[in-house]
Number of protein chains: 4
Amino acid sequence: MTTYSKFESDFRVRPDDLDMFQHVHNSKYFDYVLAARYDQMERCYGMSMDAFLKRGYGWVVQTAHVDYKRPLGLGDYFIVRTGIVTINAKGCRVEFTILNKATGKVCCDGWFDYVMINLQTGRGEIVPEDVIEKYTV
Amino acid sequence: MTTYSKFESDFRVRPDDLDMFQHVHNSKYFDYVLAARYDQMERCYGMSMDAFLKRGYGWVVQTAHVDYKRPLGLGDYFIVRTGIVTINAKGCRVEFTILNKATGKVCCDGWFDYVMINLQTGRGEIVPEDVIEKYTV
Amino acid sequence: MTTYSKFESDFRVRPDDLDMFQHVHNSKYFDYVLAARYDQMERCYGMSMDAFLKRGYGWVVQTAHVDYKRPLGLGDYFIVRTGIVTINAKGCRVEFTILNKATGKVCCDGWFDYVMINLQTGRGEIVPEDVIEKYTV
Amino acid sequence: MTTYSKFESDFRVRPDDLDMFQHVHNSKYFDYVLAARYDQMERCYGMSMDAFLKRGYGWVVQTAHVDYKRPLGLGDYFIVRTGIVTINAKGCRVEFTILNKATGKVCCDGWFDYVMINLQTGRGEIVPEDVIEKYTV
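Residues numbered from 1 in each chain as written. Chains lettered and ligands numbered in written order. Predicted model: local features only at pLDDT ≥ 70, side-chain atom pairs only at ≥ 80, totals over all residues.

1. A few points about the sheet that holds strand β4 (residues 91-100) of chain B
So, point 1. Taken together, the ten strands give an open sheet; going across it, the order is β1(A)-β3(A)-β4(A)-β5(A)-β2(A)-β2(B)-β5(B)-β4(B)-β3(B)-β1(B), and neighbouring strands pair in antiparallel fashion. Edge strands, defined here as strands with exactly one partner in the open sheet, are β1 (6-12) of chain A together with β1 (6-12) of chain B. Adjacent strand axes in the sheet meet at a mean angle of 25 degrees when their direction is disregarded.
So, point 2. In this sheet, strand β5 (residues 106-118) of chain B lies alongside strand β2 (residues 57-68) of chain B in antiparallel orientation, the contact comprising eleven bridges. By the bridge assignment for β5 of chain B, Val61 of chain B is matched with Tyr114 of chain B.
So, point 3. Against the sheet, helix α1 (residues 26-43) of chain A engages β1, β2 (57-68), β3 (77-88), β4 (91-100) and β5 (106-118) of chain A together with β2 of chain B, with an angle of about 70 degrees to β3 of chain A.
So, point 4. The strands touched by helix α1 (residues 26-43) of chain B are β2 of chain A together with β1, β2, β3 (77-88), β4 and β5 of chain B; relative to β3 of chain B, the strand with the most contacts, the crossing angle is about 70 degrees. (Pairing = 2+ DSSP bridges. Helix = DSSP H or I, 4+ residues; strand = E, 2+ residues; numbered from the N terminus. Axes fitted to C-alpha atoms, helices over the stretch in contact; angles between N-to-C directions. Contact = placed C-beta atoms within 7 Å.)

What follows is the structure, given as structure tokens:
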């Protein structure tokens, strides 16, 4: 069984991320994970999102699962740690943990299942061998 | 075993909901469900979100689970159908389905687990009997 | 001097539009005007945004000016009234007023200057005569 | 006539900031300026937004004016430079320029007029002398 690397991206809560209870909106954690993946695809894997787009591929979320533990608030610095759990011809599962940088405590964690699509047709596509290789780090 | 009612809210995709692939952002479906719940708490249950806030209570998402099936696009009309699956002193689970109004097809579905909190302390609170009653429809 | 029609679109504040002061985020009024224009281009003018996109054109905001008067809050219903002030080969100016439906009072008003671009090149484009005609209502 | 300091904050475009044309949404530049002000109030002036909130004050945008020049895109790094133009008992005007870090070119610039409010009443409040002093740098 392969074990895959975990990577980290640093971010800070923006005021427009807050909800009326002065906590980060539940939906924003989604966007944070997306931002981390884009960042890490570019820095940590052999193929950026841009490179995917240029080959006519995109990644689409099939399932999202998030467990909320502690909210982030105004100006908080946080880390998004993500890593592949499984990747094969059908797609991949990515785990994530969002940590408050000041306390080191987990804000939320969960996973996303992605499938690769053909941007032209919008339909699912077999993940090519070279992509799987580049993401097997 | 109690069966709870399902309720529906009508919405339309706004241009600012779209991502760079011209589909509704994954995270926005979260916001759609939230909007539907607020609407339905006010119209369909005996206690609006405002009434909760006035009593010093809030609802916080503990877990979110979303299965994406078909994206919504620019200007699409859609229905958010939600219903309680379980509710007790600890919290409630709400199921949802988002349907494209033009095609009747499911865009995504899933569930949210909520806990009630005390807005003053930010901590979990026992859901009072009269709240459970009002939500048992 | 031509006088142009004003058109109205109805919307409702979504919970994710609120900022931490429980008012609609300043930036969201922008998105509301955009949503109204898309709606009105489709319903009230002879050429929808989709039709523009299909001809390879897009509209880009050059200048935005907003005067804030009264905030909108949770669940408020509102009207976005917009109308062309000037339109010519170089672009158009659109005025808007956002009104709280319950009170009839102005929440904010202002104007946007738009230029038409060629989506392929991203550069400004002369607004064709037939477009000016369709928007001269 | 007083000349006030300019301060800079560094940010990066998040994927959820993009519109369907793969450019940053017009409304997001607003949020970027807000984020920069919060950051700079904390780092560069003698009084953070938090300190305002604790004294029962808030700042509200009265007028916003933005001139768009060049769009930001996916993953772009940018600088938000802001500075006070005038500040007195009635409020202040803040100028801003958003620069693409890679090219040094201006993406957009403009200004915001702010008034100080009493969070309890929601009404305008005279800006206290010590606040004006702290912001006169």
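2. Thoughts on the relation of the copies chain B and chain A
So, point 1. With an axial shift of 0.0 Å and an RMSD of 0.0 Å, the rotation relating chain B to chain A amounts to 180 degrees. Taken together, the turn and the small shift mark the pair as related by a two-fold rotation axis.
So, point 2. Interface overlap between copies: 100% of the residues of chain B at the interface are likewise at the interface in chain A, consistent with a symmetric, same-surface contact. (Least-squares fit on C-alpha atoms with pLDDT ≥ 70 in both.)

3. So, the relation of the copies chain A and chain D
So, point 1. Placing chain A over chain D gives an RMSD of 0.0 Å and needs a rotation angle of 180 degrees, together with 0.0 Å of translation along the axis.
So, point 2. Comparing interface residues between copies, 100% of those in chain A also sit at the interface in chain D, which points to an isologous, same-surface contact.

4. Quick look at the interface of chain B and chain A
So, point 1. The interface of chain B with chain A comprises 15 residues on the first partner and 15 residues on the second.
So, point 2. Residue assignment for the side of chain B that touches chain A shows that the elements contributing at least two residues are α1 and β2 of chain B.
So, point 3. Looking at which element gives the most residues to the side of chain B that touches chain A, the answer is β2 of chain B, with nine residues.
So, point 4. Taken together, the residues that form the side of chain B that touches chain A break down as six nonpolar, six polar and three charged.
So, point 5. Pairing between β2 of chain A and β2 of chain B: five bridges, direction antiparallel. Each bridged residue has a counterpart across the sheet, and for Ala64 of chain A the counterpart in β2 of chain B is Val66 of chain B. (Nonpolar A, V, L, I, M, F, W, Y, C, P; charged D, E, K, R; others polar.)

5. Side note on the sheet that holds strand β3 (residues 77-88) of chain C
In any sheet, the strands associate via hydrogen bonds between backbone groups, in a parallel or an antiparallel arrangement.
So, point 1. Overall, antiparallel pairing links the ten strands, which are arranged β1(C)-β3(C)-β4(C)-β5(C)-β2(C)-β2(D)-β5(D)-β4(D)-β3(D)-β1(D) in an open sheet. The two strands at the open ends of the sheet, each matched to only one other strand, are β1 (6-12) of chain C together with β1 (6-12) of chain D. Adjacent strand axes in the sheet meet at a mean angle of 25 degrees when their direction is disregarded.
So, point 2. Running at roughly 70 degrees to β3 of chain C, helix α1 (residues 26-43) of chain C makes contact with β1, β2 (57-68), β3, β4 (91-100) and β5 (106-118) of chain C together with β2 (57-68) of chain D of the sheet.
So, point 3. Each of β2 of chain C together with β1, β2, β3 (77-88), β4 (91-100) and β5 (106-118) of chain D is contacted by helix α1 (residues 26-43) of chain D, which is oriented at about 70 degrees to β3 of chain D, the strand it contacts most.

6. Focus on the packing of α1 of chain C against α1 of chain D
Geometrically, a packed helix pair is captured by the angle between its two axes and the distance between the axes.
So, point 1. It is the contact of α1 of chain C with α1 of chain D, at a shortest axis distance of 8 Å, that shows an interaxial angle of 175 degrees. Judged by the inter-axis angle, α1 of chain C sits roughly antiparallel to α1 of chain D. Note on element contacts: α1 of chain D touches α1 of chain C through Asn26, Ser27, Lys28, Phe30 and Asp31 of chain D, opposite Asn26, Ser27, Lys28, Phe30 and Asp31 of chain C.
So, point 2. Each residue belonging to the contact of α1 of chain C with α1 of chain D can be placed in one class, and the counts come to two nonpolar, four polar and four charged. (Parallel < 35°, antiparallel > 145°, perpendicular 65-115°, else oblique.)

7. Brief notes about the pairing of β3 of chain A
Residues and elements named next belong to chain A.
So, point 1. Where β1 and β3 come together, seven bridges link them in antiparallel fashion. Along β3, the bridge assignment pairs Phe7 with Thr82.
So, point 2. Inspection of the sheet shows β3 paired to β4 by ten bridges, in the antiparallel sense. In the strand pairing of β4, Ile84 is matched with Val94.
So, point 3. In textbook terms, the turn of a hairpin is the stretch between consecutive antiparallel strands, and for β3 and β4 this stretch comprises two residues.

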